[in-house]
Amino acid sequence: MTIALPARAKLNFDLAVLGRRNDGFHEVRTTLQAIDLHDLVTLAQGDHTALTLSGRALEDTRTNSCLIAHAALEHASKKTLPTQIHLHKRIPPGAGLGGASSDAATTLRGLAALHHLAIDLAPIAEQLGADVPFFLKGGTAMAEGRGERLTPVPTVRAWFAIAWPEFELLTPDVYRAWDEMPGDPPNELAKAAAHVEPRLNEFAAELGKGWQMTGSGSAFFRRCADETEARQSIATLRCWTAVAQAIGPWA
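Attention in this report is confined to the structure presented alongside it. (Residues numbered from 1 in each chain as written. Predicted model: local features only at pLDDT ≥ 70, side-chain atom pairs only at ≥ 80, totals over all residues. Heavy atoms only, no water.)

**A word on the sheet that holds strand 10 (residues 240–245)**
Logical step 1: Taking strand neighbours across the sheet as the criterion, the four strands line up as 8-9-7-10 in an open arrangement whose pairing is antiparallel. What marks the edges here is a single partner per strand, and that holds for strand 8 (212–213) and strand 10.
Logical step 2: Bridge count for strand 8 against strand 9 (residues 220–224) is two bridges, and the pairing is antiparallel. Paired with Met213 across the two strands is Phe220, which belongs to strand 9.
Logical step 3: Its contacts with the sheet put helix 7 (residues 199–207) on strand 7 (159–164), strand 8 and strand 9, and the angle it makes with strand 9 is roughly 20°. (Pairing = 2+ DSSP bridges. Helix = DSSP H or I, 4+ residues; strand = E, 2+ residues; numbered from the N terminus. Contact = heavy atoms within 4.5 Å. Axes fitted to C-alpha atoms, helices over the stretch in contact; angles between N-to-C directions.)

**Digging into helix 7**
For the α-helix, the turn length of 3.6 residues means that residues three or four positions removed from each other point alike.
Logical step 1: Residues of helix 7 that are buried: Leu200, Phe203 and Leu207. Summarising the axial view, the buried residues of helix 7 lie within an arc of 60°, below the 170-degree limit, and thus occupy one face. For helix 7, the exposed residues set more than 90 degrees away from the buried face come down to Glu202, Ala205 and Glu206.
Logical step 2: Immediately beyond the C-terminal end of helix 7, within one or two residues, lies Gly208, with a positive phi of roughly 90°. (Buried < 20%, exposed > 50% of the residue type's maximum accessible area, 1.4 Å probe, protein only. Arc of directions from axis to C-beta.)

**Thoughts on the nonpolar core**
Logical step 1: The biggest cluster of nonpolar side chains holds 32 residues, and the ones touching the most others in it are Leu73, Leu108 and Leu121.
Logical step 2: Listing elements by their share of this core, those giving two or more residues are strand 1 (2–20), strand 2 (26–45), helix 1 (65–77), strand 4 (83–89), helix 2 (99–114), helix 3 (122–128), helix 4 (132–135) and strand 5 (140–145).
Logical step 3: The leading source of residues in this core is helix 2, at six residues.
Logical step 4: Setting aside chain neighbours within four positions, we find Leu121 in contact with Leu73, Leu108, Arg109, Ala112 and Leu136. (Core = buried A, V, L, I, M, F, W, Y, C linked by side-chain atoms within 4.5 Å.)

**Here's the deal with the pattern of salt bridges**
Logical step 1: In this structure the tally under the stated criterion is 11 salt bridges.
Logical step 2: Close ionic contact of Arg20 with Asp179 constitutes a salt bridge, the shortest N to O distance being 2.6 Å. Note that Arg20 is positioned in strand 1 and Asp179 in helix 5 (residues 171–180), a separation of 159 residues in sequence.
Logical step 3: Arg21 serves as the salt-bridge partner of Asp23, at 2.7 Å between the closest nitrogen and oxygen.
Logical step 4: Assessed through its relative accessible area of 25%, Arg21 is described here as partly exposed.
Logical step 5: Three or more residues joined by partner-sharing salt bridges are found here, namely Arg21, Asp23, Glu27 and Arg149. (Salt bridge = Lys/Arg side-chain N within 4 Å of Asp/Glu carboxyl O.)

See below:
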């Protein structure tokens, strides 16, 4: 049996950082929107567990979020789950688009179906990362806490132009910078991200008005009236670009 699932990306329509918690993480409030830009996770039963990759290159497969999710589910279920995992990577890493978190959540969902596990995935997802619980269901949601407290919001049809400057930002670095320099709406991490990587200011200036950073960066998006406007918005950009639309919940 083989299961193939899209691992959708996300955008942050807004992002407020409410402060640093006692556990070292940060309290946030953000509106998340799933989009149809996606990686593809394929899982098949096998004699042992292994991960293969295609598409965009990743530096270290040993710390890949698919394998981490697999190990977490084995631990929670107290079962060995030998699985051949193939990840076709399309979402840029370190871009604030949630690719690794989505890969992890999609792997959890696929493994549970493949191995016929009746198990609550939400607590496992919460341990894996701030955005992983959102990607279990997708759609549109207000996320609070570390991102684990989710309030569904009706999904509104929308198109987006997306631009990535082809350099990564590490989320922990951006949040550490925020501790020294809180930012302003709509994304209160933007100032900190630009401090970590000054080239981000140059990129934002090149994009012009109407573009907004997503997550902790480094990708930007622009809401558009339709697909045509979205494609026109990226037509002259000399960087990685994509056009995507909002996607409703899948679970």
